[in-house]
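Now for the letters of each chain:
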Amino acid sequence: MDVDVALVPMAAKPHEPAVLIVIDEIRASTTLVTLIDLGCDPVYVEGGVAAARRLARATGSVLVGERHARRPTGFDFDNSPVALNQAGVRGGSAVLSTTNGTAILRRFRRGEWVLVGCLRNARACAEAALRLATDRRLPIRVVCAGQSRRFVIEDAVAAGEIVRRIVDAAAASGAPVELTDAAMAAVRLAASYPDTRTALDESDGGRTLRRIGAVPDIGYCAETDASQTVPVLRDGRPMRIVPLPAADRG
């Protein structure tokens, strides 16, 4: 199978049969993994602020999100995984609405397998994607959310770390994989930093988090392989994120 990385979202084909891994490292992907780790199931994904408020009221869900890195009026939390952990959110359902991450998920909502990846679940996500792709003879496509359709370091570094783990898992299982140039570039970019914290510190997202006083989120997002959760998108009205069933993870 071949493994590709769309370094900007418009480089990916929404309707191509593939196992997709969508990455919005700072912070939507990391927040989704955290919400599910905290027992929130499902996590509804809603694009508009007003629609998210209505959905949260209708479902009795905690309301999480941001617009331009700030918590919208009436939301319980902004898009901060550290704040969610500190608040002791446990169980129930949640609604997430963000400037960038939820729009990317909506773009790929018709895909059969749309996983959510980040540094925190890099190995678990890589191994699940490899298993799904091998069983179904599909390619793997890693999609970087970027920022306003622009390339950002944090998503590309997370993509590189996930691709490296796909290669490692494939080698261990004897499954042949071939990386596109973009996938190799993401791996080499990630390897060029001494650690993921340095990469995120230097990234566009890291600068934004410093500007809004959310520095603890940088270190949290930079932690690798801290979670075994693999979120998967389920299309519908509303869209929702749920844990990938154990039967599909192998």
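Residues numbered from 1 in each chain as written. Predicted model: local features only at pLDDT ≥ 70, side-chain atom pairs only at ≥ 80, totals over all residues. Heavy atoms only, no water.

S.K.: Please clarify how the state of the cysteines should be interpreted in this entry.
M.R.: Two cysteines form a disulfide when their sulfur atoms are joined by a covalent bond. In the structure shown here, the tally under the stated rule is zero disulfides. Of all cysteine sulfurs, the one in C118 lies closest to C40, which takes part in no disulfide; the gap is 15 Å. For the unlinked cysteine C125, the closest cysteine sulfur is that of C118, found at 8.0 Å. Relative accessible area serves as the criterion here: at 0%, C125 is assigned to the buried category. (Disulfide = S-S within 2.5 Å. Buried < 20%, exposed > 50% of the residue type's maximum accessible area, 1.4 Å probe, protein only.)

S.K.: Just checking my understanding: could you explain unusual backbone geometry for this structure?
M.R.: Most of the time, phi is negative for any residue but glycine, and the peptide bond is trans. R27 follows I26 through a cis peptide bond whose omega is 10°. As for its position among the elements, R27 is in the loop between β2 (19–23) and α1 (28–37). For the peptide bond that leads from D41 to P42, omega is 5°, which places it in the cis range. If you trace the backbone, P42 turns up in the loop between α1 and β3 (43–45). Even without a glycine there, the phi angle at H68 is positive, about 55°. Within the secondary structure layout, H68 lies in the loop between β4 (62–65) and α3 (81–87). By relative accessible area, H68 is classed as exposed at 63%. Backbone geometry at A69 places phi at a positive 75°, although glycine is not the residue there. In this fold, A69 is placed in the loop between β4 and α3. (Helix = DSSP H or I, 4+ residues; strand = E, 2+ residues; numbered from the N terminus.)

S.K.: Is there a simple way to explain α1 in this structure?
M.R.: Note on helix geometry: an α-helix contains 3.6 residues per turn, so any two residues three or four positions apart are oriented the same way. Counting buried positions over the ten residues of α1 gives nine, a clear majority of the element. Phi turns positive one or two residues past the end of α1, at G39, with a value near 95°.

S.K.: I would appreciate a short explanation of the side chain of D217 in the present structure.
M.R.: Residue placement: D217 occurs in helix α10 (residues 215–222). Judged by relative accessible area, which is 2%, D217 ranks as buried. At 3.2 Å, the side chain of D217 and the backbone nitrogen of V82 are in polar contact. Setting aside residues up to four positions removed in sequence, D217 forms contacts with R27, S80, P81, V82 and L209. (Polar contact = N/O pair within 3.5 Å; in protein donor to acceptor, adjacent residues only side chain to side chain. Contact = heavy atoms within 4.5 Å.)

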